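Breakdown of the fold
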Amino acid sequence: MTSPSTDPSRAAARSTRTLWPGRAGHTFVAVYTVLLIAFGVVPTGYAIYFAFTDNAGSFSGLSNFTTAVDDFRFVPAVEHVALYLLWWLVSLVVFVVGLALLLQRMAMKGVSKALRFLFYVPGALAGAAGVLVWLFVLDPTVSPVGFLLRALGFHSFGEVIAPGHLPILFTLIAFWTGAGGWIVVMYGALNNISADILEAARIDGAGALQTAWRIQIPMLRKWIVYMVILAFAGGTQLFVEPQLLSQASTGVAGRDYSLNQLAYDFAFQNNDVNTAAAVSVELLVVGLAVAGVFVARSGFFDAD
């Protein structure tokens, strides 16, 4: 009878594990790398190529960027996106961190799991489906909160989606669909804070607000920076919300409300793919620059 220690098959398995102990991790990273190259690096390189060439494929320098910036719709689109980002990022940081802290405080009462599930559910909807839900909610004649809209002085769908209201409405839609996942992430990060640190703060006389402000939020700094970077990148690509709202409201939002809509209009209405690519590259450069500033100023990669 062969003993386990001398079994050839087990010895071969141990040898394989010894030669490649992290094979599972390498497999996952390899799959991600392939997808990143196929759907990230290659399209980015393709866009950069079009941004610096003309219709004939010849190098055109910065002419496509100049054409995009000189378009009468470009500056208003930048203003729209900037105003939306201001509302979106501020509300995201304040409410996500606040709700995550509240969830942790409620964990001992047994309702945290149910609330985390409810927060996360809207994020399961695709972007277009979420906007369609909000088109129904924002119409005072059919909305389940129509009484609240009428109390605020809105009696028709057109009054609710007036151009001046759009940044706030887009922020509400984005928060409803995207904040739940971040609340769960922040809640998990809060649970990684050592209980000894929190207990020491309690012994020193710190209340809930002082503990949150002086200990928990500073220790969430890198997670908050990570959230802001991704939220900023996603916010600059505003497209689905104004596009569907424009179709549902006969052009109240406009086909060129955001930079992504403007790029879409250049490509498919003006048949100018090169200028559309230039707008996309501009968004990429802005996103990378902002991410670089946040990473450098926050010490994102510094060891704790």
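Residues numbered from 1 in each chain as written. Predicted model: local features only at pLDDT ≥ 70, side-chain atom pairs only at ≥ 80, totals over all residues. Heavy atoms only, no water.

So, about the packing of helix H2 (residues 23-51) against helix H15 (residues 273-298). Put simply, H2 and H15 touch, their axes get as near as 7 Å, and they point 120° apart. Taken together, the axes of H2 and H15 are oblique relative to one another. H15 is crossed by H2, and the crossing has left-handed handedness. In this structure, H2 uses Thr-44, Ala-47, Ile-48, Phe-50 and Ala-51 to contact H15, whose residues at the interface are Val-273, Asn-274, Ala-277, Ala-278, Val-281 and Leu-284. Each residue belonging to the contact of H2 with H15 can be placed in one class, and the counts come to nine nonpolar, two polar and no charged. (Axes fitted to C-alpha atoms, helices over the stretch in contact; angles between N-to-C directions. Helix = DSSP H or I, 4+ residues; strand = E, 2+ residues; numbered from the N terminus. Parallel < 35°, antiparallel > 145°, perpendicular 65-115°, else oblique. Left-handed = near helix turned anticlockwise from the far one by under 90°. Contact = heavy atoms within 4.5 Å. Nonpolar A, V, L, I, M, F, W, Y, C, P; charged D, E, K, R; others polar.)

Next up on the list: helix H12 (residues 221-236). Given 3.6 residues per turn, any residue in an α-helix points the same way as the ones three and four places further on. Between its terminal C-alpha atoms H12 stretches 22 Å, which fits the 22 Å expected from 16 residues at 1.5 Å a residue. All of the buried residues in H12 are Lys-222, Ile-224, Val-225, Met-227, Val-228, Ile-229, Ala-231, Phe-232, Gly-235 and Thr-236. Those residues of H12 that are buried lie in contact with helix H4 (74-106), helix H9 (166-191), helix H11 (208-219) and H15. (Expected span 1.5 Å × (residues − 1). Buried < 20%, exposed > 50% of the residue type's maximum accessible area, 1.4 Å probe, protein only.)

Let's shift gears to the nonpolar core. General note: in soluble globular proteins, nonpolar side chains tend to be found buried as a group. By size, the foremost hydrophobic cluster in this structure holds 54 residues, and its most contacted members are Trp-88, Leu-92, Val-96, Ile-161, Leu-166, Phe-170 and Leu-245. Of all the elements in the fold, those that place two or more residues in this core are H4, helix H6 (127-137), helix H8 (157-160), H9, H12, helix H14 (259-268) and H15. One finds Ala-47, Phe-65, Ala-277 and Val-281 within the second-largest nonpolar core, a separate group that totals six residues. (Core = buried A, V, L, I, M, F, W, Y, C linked by side-chain atoms within 4.5 Å.)

Our next topic: H11. For H11, every residue scored as buried is listed here: Thr-211, Ala-212, Ile-215 and Gln-216. For H11, the arc enclosing every buried residue in end-on projection is 130°, short of the 170-degree limit, so these residues lie on one face. Residues of H11 that are exposed and point over 90 degrees away from its buried face: Leu-209, Trp-213 and Arg-214. Close packing links the buried residues of H11 with H4, H9 and helix H10 (195-203). (Arc of directions from axis to C-beta.)

Bringing the pattern of salt bridges into the picture now. Close approach of charged atoms lets side chains of opposite charge pair. Evaluated as defined, the whole model comprises five salt bridges. With a shortest N-O distance of 2.5 Å, Arg-73 and Asp-265 are connected by a salt bridge. In this pair, Arg-73 sits in the loop between helix H3 (63-70) and H4 while Asp-265 sits in helix H14, placing the two residues 192 residues apart along the sequence. Taking the relative accessible area as the measure of exposure, Arg-73 reaches 11% and is therefore buried. By relative accessible area, Asp-265 is classed as buried at 4%. Notably, a salt bridge pairs Arg-255 with Asp-265, separated by 3.2 Å at the nearest N-O pair. Of the two residues, Arg-255 is situated in the loop between helix H13 (240-248) and H14 and Asp-265 in helix H14; the sequence distance between them amounts to 10 residues. Through salt bridges that share partners, Asp-71, Arg-73, Arg-255, Asp-256 and Asp-265 make up one connected network. (Salt bridge = Lys/Arg side-chain N within 4 Å of Asp/Glu carboxyl O.)

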